[in-house]
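The lines below spell out each chain.
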Amino acid sequence: MVLLQKYTTLYHGCFPNALSQVDVMHQLGWFRKNGHNRRAPGCVIRSEHLTETSTSSCQDGLGRRRFLAIGSTIAPLLLMTSQTPTSFAAENKKGFLPVTDKKDGYSFLYPFGWQEVVVEGEDKVFKDVIEPLESVSVNLVPSSKEGIRDFGSPQQVAEILIKKFLASPSQKTKLIEASERDVDGKTYYTFEFTAQSPNYTRHALTAVCIGNGKFYTLTTGANERRWEKMKDRLHTVVDSFQLFNV
């Protein structure tokens, strides 16, 4: 627990503006008026406070032993608390590990070797301990909408999320593709985009869905220079995201 607290402190030292823009979410009407959950979509990485070098330096400061200690502490807990009956769990796939949140009603896969870290404002975050931009985060906020289509088309929703929450205003963003799919009666929007900063470009995939009275957002990505190597794994992550009723 002490290691996780120290990691969280260092994380916010590296990413001081990583919290979501809740006030903007209220203005867009994406919160319930009386909702108590103050999380908002996406794990935003602010370009003005982050370069690959600075991020790597932060990780080097922690040291690999500390990351391994965190992983060895969390792994048994994940096995005890994150697994659910097969009907709710994300389908197992070689090279990936499943995570299922029985409380909030979602599951997904993440690449073997990524470690869970605690980030304030995010429901779950897993990341590679060597490559700072390779991660997956899940976020959720209360919503009174019945389905994701109530917010507009896949492209409309993608553009709003990218501009307001998933990238810094100083980053140059590009929406590459937006689509929808139906799984077990729920509609998911999935979109691909890039966010360019002076020192790096992040290539990302996001999936959003409405269920259980919440707006769910899963975002995963990697540095553009590693996209060709990582894209199949990242597509597996985003395509595995699934909600179930709780």
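Residues numbered from 1 in each chain as written. Predicted model: local features only at pLDDT ≥ 70, side-chain atom pairs only at ≥ 80, totals over all residues. Heavy atoms only, no water.

**Side note on the pairing of strand β1 (residues 96-101)**
Next up, step 1: Taken across its 6 residues, β1 has 5 buried, putting it largely inside the fold.
Next up, step 2: Of the pairings in the sheet, the one linking β1 to strand β2 (residues 106-111) comprises 6 bridges and is antiparallel in character. The residue bridging phenylalanine 96 from the neighbouring strand is proline 111, located in β2.
Next up, step 3: In textbook terms, the turn of a hairpin is the stretch between consecutive antiparallel strands, and for β1 and β2 this stretch comprises 4 residues, one of which, glycine 105, has a positive phi near 80°. (Buried < 20%, exposed > 50% of the residue type's maximum accessible area, 1.4 Å probe, protein only. Helix = DSSP H or I, 4+ residues; strand = E, 2+ residues; numbered from the N terminus. Pairing = 2+ DSSP bridges.)

**Topic: the sheet that holds strand β9 (residues 214-223)**
Next up, step 1: Spatially, the 7 strands line up as an open sheet ordered β3-β4-β5-β9-β8-β7-β6, and their pairing is antiparallel. The sheet terminates laterally at β3 (115-117) and β6 (172-183), the two strands that pair on one side only. Taking the axes of each pair of neighbouring strands and ignoring which way they run, one obtains an average angle of 20° across the sheet.
Next up, step 2: Packing of helix α5 (residues 154-166) onto the sheet brings it into contact with β6, β7 (186-196), β8 (201-211) and β9, and relative to β6 it is tilted by some 130°.
Next up, step 3: Across the sheet, helix α6 (residues 227-240) is in contact with β5 (135-142), β6, β7, β8 and β9; its angle to β9 comes to roughly 165°. (Axes fitted to C-alpha atoms, helices over the stretch in contact; angles between N-to-C directions. Contact = heavy atoms within 4.5 Å.)

**Comments concerning the environment of alanine 158**
Next up, step 1: With respect to the element layout, alanine 158 can be found in helix α5.
Next up, step 2: Residue class for alanine 158 comes out buried when judged on its relative accessible area of 0%.
Next up, step 3: For the pair formed by alanine 158 and alanine 178, sequence separation is 20 residues and the distance between their alpha carbons is 7.0 Å.
Next up, step 4: Leaving out residues up to four positions away in the same chain, alanine 158 has contacts with Leu175, Ala178 and Phe191.

**Points about the pairing of β9**
Next up, step 1: Across the 10 residues that make up β9, a large majority, 10, are buried.
Next up, step 2: Strand direction decides the pairing type here: β5 and β9, joined by 8 bridges, are antiparallel. Its bridge partner being in β9, serine 137 is matched across the sheet by threonine 219.
Next up, step 3: Two strands pair when backbone bridges link them, and β8 and β9 are joined in this way by 10 bridges, in the antiparallel orientation. The residue bridging valine 208 from the neighbouring strand is threonine 217, located in β9.
Next up, step 4: Linking two consecutive strands that pair antiparallel, namely β8 and β9, is a turn of 2 residues; a positive phi of about 55° is found at asparagine 212 within it.

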